[in-house]
Amino acid sequence: MGKIIAVVNQKGGVGKTTTAVNLTAALTALGRKVLLCDFDPQANATSGLGIDKRKVKKTVYEVIIEQSDAASAVISTKFGDVLPASADLAGAGVELISMPSPNQCLRNILLPLKDRYDVIFVDCPPSLEMLTLNALAAADSILVPVQCEYYALEGLSDLMSTLRVVKRKINPSLDIFGVALTMFDGRTNFSTQVAQEVRRHFPGKVFATVIPRNIRLAEAPSHGIPVTVYDRSSRGAAAYTAMAAEINNKL
């Protein structure tokens, strides 16, 4: 049975979607069967794997609201399978409240898919609200991208508090799969200091691979392809390939 991993951090701009997209592609290239569930109303993970979100007829929003078969909405790409999102998801938080077991809606649609995949990544919105709670309720574990910049640790305490509440009340088996250091700038002492501090806070959980600041990582989404295909010789591609190898070993 596959593993559901929520890629989560309530802070925006930390490389969450970039991480979800590129790990999906890199693990697929390693022969793993991977599904990326885009659970962010911005739907950037959907477009990041080459899908035109304006032309998608059925998304995770319709699947959840109708409680229908998620497999019918999955789109296969050469970079991995995608359960796409759309802007309609922005209002789902309000609609979910009126549904039975509102925190379990995503879990209910993803569980039937677990046997088909080695790993299901859930790209979460940059907030700690109903959509993210659904992702945490569905997940076996979480992957936390942490930006190697000032304020990196600010807000992580809120995420950890939410994690403890979810473990206590909703999903007792939820744990931290790994912490990914992103936007690392080796030219500055500060990035190194932040990395050391994160490793001190999460002993044994931080990936050995760090994701550098890299212009190719910023350019790839505009072409609708992961960086591992856009420029496989770039530092960003090399880093995500190495991190995928770490995850492959853990799986």
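Scroll up to find the structure this text is about.
Presented here is an overview of the structure given in this document. These figures come from a predicted structure and were not determined experimentally.

Rules behind the numbers
- Residues numbered from 1 in each chain as written.
- Predicted model: local features only at pLDDT ≥ 70, side-chain atom pairs only at ≥ 80, totals over all residues.
- Heavy atoms only, no water.
- Helix = DSSP H or I, 4+ residues; strand = E, 2+ residues; numbered from the N terminus.
- Buried < 20%, exposed > 50% of the residue type's maximum accessible area, 1.4 Å probe, protein only.
- Contact = heavy atoms within 4.5 Å.
- Areas by Shrake-Rupley, 256 points an atom, 1.4 Å probe, with all protein chains shown as cover.
- Lys, Arg positive; Asp, Glu negative; His and termini not counted.
- Charge placed at Lys NZ, Arg CZ, Asp CG, Glu CD.
- Pairing = 2+ DSSP bridges.
- Axes fitted to C-alpha atoms, helices over the stretch in contact; angles between N-to-C directions.
- 1 Å grid on protein atoms, 1.4 Å probe; cavity = no way out; pocket = protein on both sides within 12 Å on 5 of 7 lines; lining within 4 Å.
- Points joined across faces, edges and corners; volume = space filled by probe spheres on them.
- Nonpolar A, V, L, I, M, F, W, Y, C, P; charged D, E, K, R; others polar.
- Phe/Tyr/Trp six-rings, centres within 6.5 Å; stacked < 30°, edge-to-face > 60°.
- Lys NZ or Arg CZ within 6 Å of the ring centre and 35° of its normal.

Focus: the overall build of the protein
Step number 1: Along the protein, the regular secondary structure elements total 11 helices and seven strands.
Step number 2: Across the 251 residues that make up the protein, the buried fraction comes to 53%.
Step number 3: Excluding contacts between residues fewer than 6 apart, the proportion of contacts in the protein whose partners are at least 24 apart in sequence is 77%.
Step number 4: Within the structure as shown, the protein displays about 10900 Å² of accessible surface, and the carbon and sulfur contribution to it stands at 51%.
Step number 5: Taking the average place of the 27 positive charges on the side chains of the protein and the average place of its 23 negative ones, the gap between the two points comes to 4 Å.

Considerations on the sheet that holds strand E2 (residues 34–38)
Pairing between sheet strands relies on hydrogen bonds along the backbone, with the strands arranged either parallel or antiparallel.
Step number 1: Within the open sheet, the seven strands sit side by side as E3-E4-E2-E5-E1-E6-E7. Their pairing is mixed. The strands lining the two open edges of the sheet, one partner per strand, are strand E3 (75–77) and strand E7 (175–182). Across the sheet, the mean angle from the axis of one strand to that of its neighbour is 25°, orientation sign disregarded.
Step number 2: Pairing analysis gives five bridges linking strand E1 (residues 3–7) to strand E5 (residues 119–123), with the strands arranged parallel. Residue pairing across strands places alanine 6 opposite valine 122, the latter belonging to E5.

Here we look at the layout of surface pockets
Step number 1: The volume enclosed by the largest pocket comes to roughly 540 Å³.
Step number 2: Lining of the largest pocket is provided by 31 residues; of these, Gly15, Lys16, Thr17, Thr18 and Met183 occupy positions nearest its centre.
Step number 3: Among the elements of the structure, helix H1 (16–29), helix H2 (44–48) and helix H9 (215–219) are those that each provide at least two residues to the lining of the largest pocket.
Step number 4: The greatest single-element share of the lining of the largest pocket, amounting to six residues, is contributed by H1.
Step number 5: Of the residues contributing to the lining of the largest pocket, the split by class is 14 nonpolar, 13 polar and four charged.
Step number 6: Within this model, the second largest pocket holds a volume of roughly 170 Å³.
Step number 7: Around the second largest pocket, the lining is made up of 13 residues, and of these Ala25, Ala26, Ala29, Thr228 and Arg232 lie nearest the centre.
Step number 8: Going through the elements one at a time, H1, helix H10 (227–230) and helix H11 (235–250) are the ones with two or more residues in the lining of the second largest pocket.
Step number 9: At four residues, H1 tops the list of elements feeding residues into the lining of the second largest pocket.
Step number 10: By residue class, the composition of the lining of the second largest pocket is eight nonpolar, three polar and two charged.

What about the packing of aromatic side chains?
Each aromatic ring pair is described using two quantities: the centre-to-centre distance and the angle formed by the ring planes.
Step number 1: For the structure shown, the criterion picks out one aromatic pair.
Step number 2: Ring geometry for phenylalanine 177 against phenylalanine 207: centres 6.4 Å apart, planes inclined by 55°, an arrangement best described as tilted. Here the residue phenylalanine 177 occupies a position in strand E7, and phenylalanine 207 occupies one in the loop between helix H8 (189–201) and H9, the gap between them amounting to 30 residues. Neither residue differs from the other here; phenylalanine 177 and phenylalanine 207 are each classed as buried.
Step number 3: Its end group placed over the ring of phenylalanine 177, lysine 250 keeps NZ or CZ at 4.3 Å from the ring centre.

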